[in-house]
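Listed below, chain by chain, are the residues.
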Amino acid sequence: MKKLNKEIEDKAKRLNQWILNQEFVKEYQKYEQLIKNNSSLHQLEEELKDLQQKIVMSKHQNIDCEIIMKEYQQKRKSFDENPLVHNYLVLKQEVNDLLLLIQDNINQELSKKD
C-alpha cells in the first residue's frame, strides 16, 4: 500500500510540475502578481468588495440599493476593462479549463478501474 501511495504522490508531483511549466500558467501567475502589486487595482478591488457588502446588507434590510448597484457596476466595468485584469481573467479561464480537463481525465481513468 505504501508503494502505491508513493507512486500516486510521485505522479501528482510530476503533474503539478507539468502544470506549473505551461506557458499560459506562468503568464497567469505573472499577471496575478502584477495585479496584486498594483495599488490602484487593489484599492478598486477593495471598494468593489465593500460595495458588494453594502448591496447584500441593503437587500437583507429591504432597502433600495439601486444607486449602490450602479456605482458597483461602474467600478466593476472599470476594473474588468483594465488590461492587466482582462488578461488575467482570460488566462485564469484557460488555467481553469486545463484543470477541469485533467480532473475529467483522472475521473475517467478511475472509473475504468472499477
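As shown above, the structure is provided for reference.
Conventions adopted
- Residues numbered from 1 in each chain as written.
- Predicted model: local features only at pLDDT ≥ 70, side-chain atom pairs only at ≥ 80, totals over all residues.
- Heavy atoms only, no water.
- Helix = DSSP H or I, 4+ residues; strand = E, 2+ residues; numbered from the N terminus.
- Buried < 20%, exposed > 50% of the residue type's maximum accessible area, 1.4 Å probe, protein only.
- Contact = heavy atoms within 4.5 Å.
- Salt bridge = Lys/Arg side-chain N within 4 Å of Asp/Glu carboxyl O.

Draft legend 1. Unusual backbone geometry, seen in detail. Look at Asn62: it is not a glycine, yet its phi comes out positive at around 55 degrees. Along the polypeptide, Asn62 turns up in the loop between α3 (39-60) and α4 (66-81). Note on Asn62: relative accessible area 72%, which makes it exposed.

Draft legend 2. View of the side chain of Ser58. Its location among the elements puts Ser58 in helix α3. Ser58 sits in the buried class, given a relative accessible area of 9%. Excluding residues within four positions of it along the chain, Ser58 makes contact with Ile63, Cys65 and Ile68.

Draft legend 3. Fine view of the pattern of salt bridges. Considering all chains together, one arrives at 12 salt bridges under this definition. Here Lys77 makes a salt bridge to Glu81, at a shortest N to O gap of 2.8 Å. With Lys77 and Glu81 both in helix α4 and 4 residues apart, this pair spans about one turn of that helix. In this structure, Lys77 and Glu81 share a single accessibility class: exposed.

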